[in-house]
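Here is how the chains run, residue by residue.
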Amino acid sequence: MENSSIIRIEKLVKRFPVGRSEFTALNNVNLTIDRGEFLGLVGPSGSGKTTLLNIIGSLDTPSEGVVTVLDNSIASLSHKQSSKLRNRHIGFIFQTYNLLPVYTVYENVEFALLLQKLSSNARKKAVTDALEWVGLTDKIKSKPAMLSGGECQRVAIARSMVKRPEIVLADEPTANLDSKNSHHILQTMKSLNKELNTTFIFATHDEKVMQYLNRKVSLEDGQIVKDELMKNSKN
Amino acid sequence: MLSLKLAFKNLLGAGLRTWLNVLALSFAFVLIIFYNGMIDGWNRQAQRDTAAWETGVGQFWHPAYDKYDPFTIEDSHAPISEDILKEIENKTLAPVLVSQATAYPQGRAMSVTLRGIDPEQEVLELPSSKLPQSDGIDYAIIGKSMAHSANLEVGDKLLLRWRDKNGTFDAREVEIADVFKCDVPSVDNGQVYIALSNLQEMLAMENEATLLVAGETFEMRELEGWDFKDNEFLLADLQAIIDSKKMGGSVLQGLLLIIALIAIFDTQVLSIFRRQKEIGTYIALGMTRAQVVGIFTVEGGAHSILAILLGAAYGIPLLLLLNKNGIGMGYAEDMAFDIPVAEAIFPYYSFRLILMTIMIVVVTATIVSYLPARKISKMKPTEALKGKLQ
């Protein structure tokens, strides 16, 4: 598979209004991410990890600078275009899973495909495949309230992967999980990364996640302070 | 379609809150149909009874006659032509001669209208055949309300005093031959029916009439010297009263609907307040803000669909039962309403009424759902994902 850069960030600045003044969450960030990377944005709380992740995921826009994701300049996308980008090419995994409570596991995973207007058969196959990847085929009729935290996060992974996106953005995916579940989740994501060449980007300060990363980008006060390749990562 | 599917899923997932709203809205839905159905049923019944007892399919009036102006009665009479006589013989027209008089039931004086009617007529349901003509006694028939107010019964004598064509006062005693039961106050209240030939003789108006009532078999045409008044004109007062009743009822229905809609509005506001994370997730998964607004709007609007289904489940049997058995109104002997009220009203639910009610319920529920849902379009997805209040 081709390992070309799919995310380019140049001189990114993000400011938020706080009362009458402004808070700079990201300051002059430059970063290039290649296809198939298993990358972590690490740093303490308030360092700008989630903000950077949100901008890459086109949930937010830069105040200054250029962010290009899959050849789309995030700042110039309309609401509709950014929705399309998220729906087709980007998967999200959240710390609190964000599963839709009234839907079953199957329906939660199927949701993203409904927006793509795929046929019922194509959806069924894709959902079954995704649930097989995360080992939850026996829970398809369960609702999120009936699942453990680890199972919920596996459903969230299946939901993010079902549309086979180029990029998966995971914001503190293991923060609510115990050690065993965290490793299980990370192994699942790592194997999907290898199998499908999906780019995974984590925002984390969990040491367990860092063991699996190929590349670690450290942020502090909105700036990249270190960008290192991890040669001894697990798997 | 996707919005609808998701909306129903969310709605049913919300459980009791949904069903309480749906129940309130379904009450409004069923009650609106019931009330309007009853008014429509009453309207139809009143129009049918008035046509059967008083107006036929229309009336030919003497040009001077105005039923709202008693001063015109004196001059409102004309001879019945040969042409018209043939129609009367064929029972397609019923002549009526009208005059004012004073009745003295048990010594009291009361104003009455004397109506001369052909005992042989078959145009109106009035039991004119109960007016014997040839045993030397003058007979009259009156309605139950008139009998009640004058304290008269069959066989009682009633003294009448009137002025004839020449302005001469005359008086005569008539015997009550029948007391009929009729729902139409204008046929009953203060009306005394006498055989046409008797009244013509009493008023010195031989072969004259004030108006001619046309029956269903009358081939509609102009009659020279007579003005035709159709039922739209003759029943205009009745229609106005029904319309005013409908208007009064619509205030009550509106209030009921508003209460149900406030419940939906409140649920929607609460829903958007509590489900910010879900809204953020929808957006993160690739839904446009407009689509999310659509989901929440359809979700609120879908209350109305469920309300219609629930309303249909208990409303159809109930309304059909009322339609079959009617709603007892009792017999108002004094006819205080001045509007035809049958002993039982049979509600009439037209397709238009049901369709309009469905439209009103669905459209209003959708609008009140859209108003709070608009807020979503201003939400920042990053804040929504955190569940932060915005």
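Note that the structure is predicted; figures quoted are calculated from it, not measured.

J.: How should I be thinking about the overall build of chain A in this particular structure?
T.: Scanning chain A for helices and strands turns up seven helices and ten strands. A compact globule built from 235 residues would reach a C-alpha radius of gyration of about 18 Å, and chain A, at 17 Å, matches this within 12%. By its C-alpha atoms, chain A is 50 × 40 × 40 Å across when sized along the principal axes. Split into buried and exposed, the 235 residues of chain A put 45% on the buried side. By sequence separation, contacts in chain A at least 24 residues apart represent 68% of the contacts at least 6 residues apart.

J.: Please clarify how the packing of helix H2 (residues 16-55) of chain B against helix H11 (residues 351-373) of chain B should be interpreted in this entry.
T.: Residues and elements named next belong to chain B. H11 packs onto H2 with a crossing angle of 150 degrees between their chain directions and a minimal axis gap of 10 Å. Between H2 and H11, the angle falls in the class roughly antiparallel. Between H2 and H11 lies a crossing of right-handed hand. Between H2 and H11, the contacting residues are Leu25, Phe29, Ile32, Ile33, Asn36, Gly37 and Asp40 on the first element and Leu353, Ile354, Thr357, Val361 and Ala365 on the second. A breakdown of the residues in the contact of H2 with H11 according to their chemical character gives eight nonpolar, three polar and one charged.

J.: Sorry if this is basic, but what is going on with the interface of chain B and chain A here?
T.: How big an interface is tends to be stated in terms of the accessible area lost upon association of its parts. With 16 residues of chain B at the contact, the number on the chain A side is 19 residues. Elements with a minimum of two residues in the side of chain B that touches chain A: helix H1 (2-13), helix H9 (276-284) and helix H12 (381-386) of chain B. When the residues that make up the side of chain B that touches chain A are grouped by side-chain class, the tally is six nonpolar, six polar and four charged.

J.: Is there a simple way to explain the nonpolar core in this structure?
T.: Note that soluble globular proteins tend to have their nonpolar side chains buried in a common cluster. Ranked by internal contacts, the top residues of the largest apolar core, which has 108 residues, are Ala130 and Ala158 of chain A together with Leu25 of chain B. If near-sequence neighbours (up to four positions away) are discounted, Ala158 of chain A is found in contact with Val109, Ala130, Leu131, Trp133, Val134 and Leu136 of chain A. Counting residues in each nonpolar core, the second largest holds 51 residues, with Leu124, Ile142, Val174 and Ile176 of chain B among its members.

J.: Help me understand unusual backbone geometry in this model?
T.: Trans peptide bonds make up the majority, and among non-glycine residues the majority have a negative phi. Positive phi, normally seen in glycine, also occurs at Lys11 of chain A, with a value near 50 degrees. Topologically, Lys11 of chain A is positioned in strand E1 (residues 5-18). Overall, Lys11 of chain A belongs to the partly exposed group, with 13 C-beta atoms counted inside 10 Å. One non-glycine residue, Ala204 of chain B, adopts positive backbone phi at about 60 degrees. When you line up the elements, Ala204 of chain B lands in the loop between helix H6 (196-203) and strand E9 (208-209). Using a count of 12 C-beta atoms within 10 Å as the deciding quantity, one classes Ala204 of chain B as exposed.

J.: Explanation requested: the pairing of E1 of chain A in the structure shown.
T.: The side chains of a regular strand alternate, residue by residue, between the two faces of the sheet. Residue and element names in this part refer to chain A. Bridge count between E1 and strand E2 (residues 21-34): ten bridges; the pairing is antiparallel. Paired with Arg15 across the strands is Thr24, a residue of E2. From the end of E1 to the start of E2, which pair antiparallel, there are two residues, and Gly19 there has a positive phi angle of about 60 degrees. Sheet topology places E1 next to strand E4 (residues 64-69); five bridges connect them, and they run antiparallel. The residue of E4 that forms the bridge with Ile7 is Val69.

J.: Would you mind showing me how to read the domain arrangement of chain B here?
T.: Here chain B is partitioned into domain 1 (2-52 + 242-386) and domain 2 (63-225). On a C-alpha basis, the centres of domain 1 of chain B and domain 2 of chain B stand 51 Å from each other.

J.: What should I look at first to understand the sheet that holds strand E3 (residues 38-42) of chain A in this one?
T.: Through backbone hydrogen bonds, the strands of a sheet pair up, either in parallel or in antiparallel fashion. Residue and element names in this part refer to chain A. The six strands lie next to each other as E6-E7-E8-E3-E9-E10, forming an open sheet whose pairing is mixed. Unpaired on one side and paired on the other, strand E6 (90-93) and strand E10 (223-229) mark the two borders of the sheet. Averaged over all pairs of adjacent strands, the angle between their axes in this sheet comes to 15 degrees, without regard to strand direction. Note: strand E9 (residues 215-220) against E10, six bridges, orientation antiparallel. Note that in E10 the partner of Glu220 across the bridge is Gln223. Each of E3, strand E7 (167-171), strand E8 (199-204) and E9 is contacted by helix H1 (residues 49-56), which is oriented at about 150 degrees to E8, the strand it contacts most.

J.: Help me understand the pairing of strand E8 (residues 191-195) of chain B, please; the structure alone is not making it clear to me.
T.: Residues and elements named next belong to chain B. Among the five residues of E8, five are classified as buried, and the element is accordingly described as predominantly covered. Strand direction decides the pairing type here: strand E4 (residues 110-117) and E8, joined by five bridges, are parallel. Across the sheet, residue Thr113 finds its bridge partner in E8, namely Gln191. Sheet topology places strand E5 (residues 139-143) next to E8; three bridges connect them, and they run antiparallel. Counterpart to Ile142 in the pairing with E8 is Val192.

J.: Sorry, what's going on with the sheet that holds E4 of chain A here?
T.: Strand order in the open sheet formed by four strands is E2-E1-E4-E5 (chain A), and the pairing between neighbours is antiparallel. Edge strands, defined here as strands with exactly one partner in the open sheet, are E2 and strand E5 (72-73) of chain A.

J.: For this particular structure, what's the right way to read the confidence of the model for chain B?
T.: Note that predicted coordinates carrying low pLDDT should not be read in detail. The pLDDT averaged across chain B works out to 87; a share of 95% of its residues lies at or above 70. Confidence metrics for the complex model read pTM 0.70 and ipTM 0.90.

J.: Would you mind going over H11 of chain B with me for this structure?
T.: For an α-helix, 3.6 residues make a turn, and residues three or four places apart therefore share a direction. All names here are of chain B. Under the 1.5 Å per step criterion, the end-to-end length of H11 is 32 Å for 23 residues, consistent within 8% with the ideal 33 Å. Listed as buried for H11 are Thr357, Val361, Thr364, Ala365, Val368, Ser369, Pro372 and Ala373. In this structure, the buried side of H11 is in contact with H2, helix H8 (236-274) and helix H10 (289-325).

J.: What's the story with the environment of Gly155 of chain B in this structure? I'm lost.
T.: Residues and elements named next belong to chain B. Topologically, Gly155 is positioned in the loop between helix H4 (144-150) and strand E6 (157-163). With 8 C-beta atoms counted inside 10 Å, the residue Gly155 sits in the exposed group. When the C-alpha positions of Gly155 and Ile258 are compared, they lie 58 Å apart, and in sequence the two are 103 residues distant. Leaving out residues up to four positions away in the same chain, Gly155 has contacts with Glu175 and Ile176.

J.: What am I meant to see in helix H5 (residues 149-161) of chain A here?
T.: Residue and element names in this part refer to chain A. With 13 residues, H5 should cover 18 Å at 1.5 Å per step; its first-to-last C-alpha distance of 18 Å lies within 8% of that length. Among the 13 residues in H5, ten count as buried, and that is most of the element. Tucked into the core, H5 has its buried residues touching E6, helix H3 (105-115), helix H4 (120-133), E7 and helix H6 (179-196).

J.: Is there a simple way to think about the environment of Arg289 of chain B in this case?
T.: The residue Arg289 of chain B is located in helix H10 in this model. Taking the C-alpha atoms as reference, Arg289 of chain B lies 8.7 Å from Met379 of chain B; in sequence the two are 90 residues apart.

Criteria and cut-off values
Residues numbered from 1 in each chain as written. Chains lettered and ligands numbered in written order. Predicted model: local features only at pLDDT ≥ 70, side-chain atom pairs only at ≥ 80, totals over all residues. Helix = DSSP H or I, 4+ residues; strand = E, 2+ residues; numbered from the N terminus. Rg over C-alpha atoms; globule rule 2.2 N^0.38 Å. Buried ≥ 20, exposed ≤ 12 C-beta atoms within 10 Å, placed from the backbone. Contact = placed C-beta atoms within 7 Å. Axes fitted to C-alpha atoms, helices over the stretch in contact; angles between N-to-C directions. Parallel < 35°, antiparallel > 145°, perpendicular 65-115°, else oblique. Left-handed = near helix turned anticlockwise from the far one by under 90°. Nonpolar A, V, L, I, M, F, W, Y, C, P; charged D, E, K, R; others polar. Core = buried A, V, L, I, M, F, W, Y, C linked by C-beta atoms within 7 Å. Pairing = 2+ DSSP bridges. Domains from an automatic or database assignment. pLDDT = per-residue confidence, 0-100. Expected span 1.5 Å × (residues − 1).

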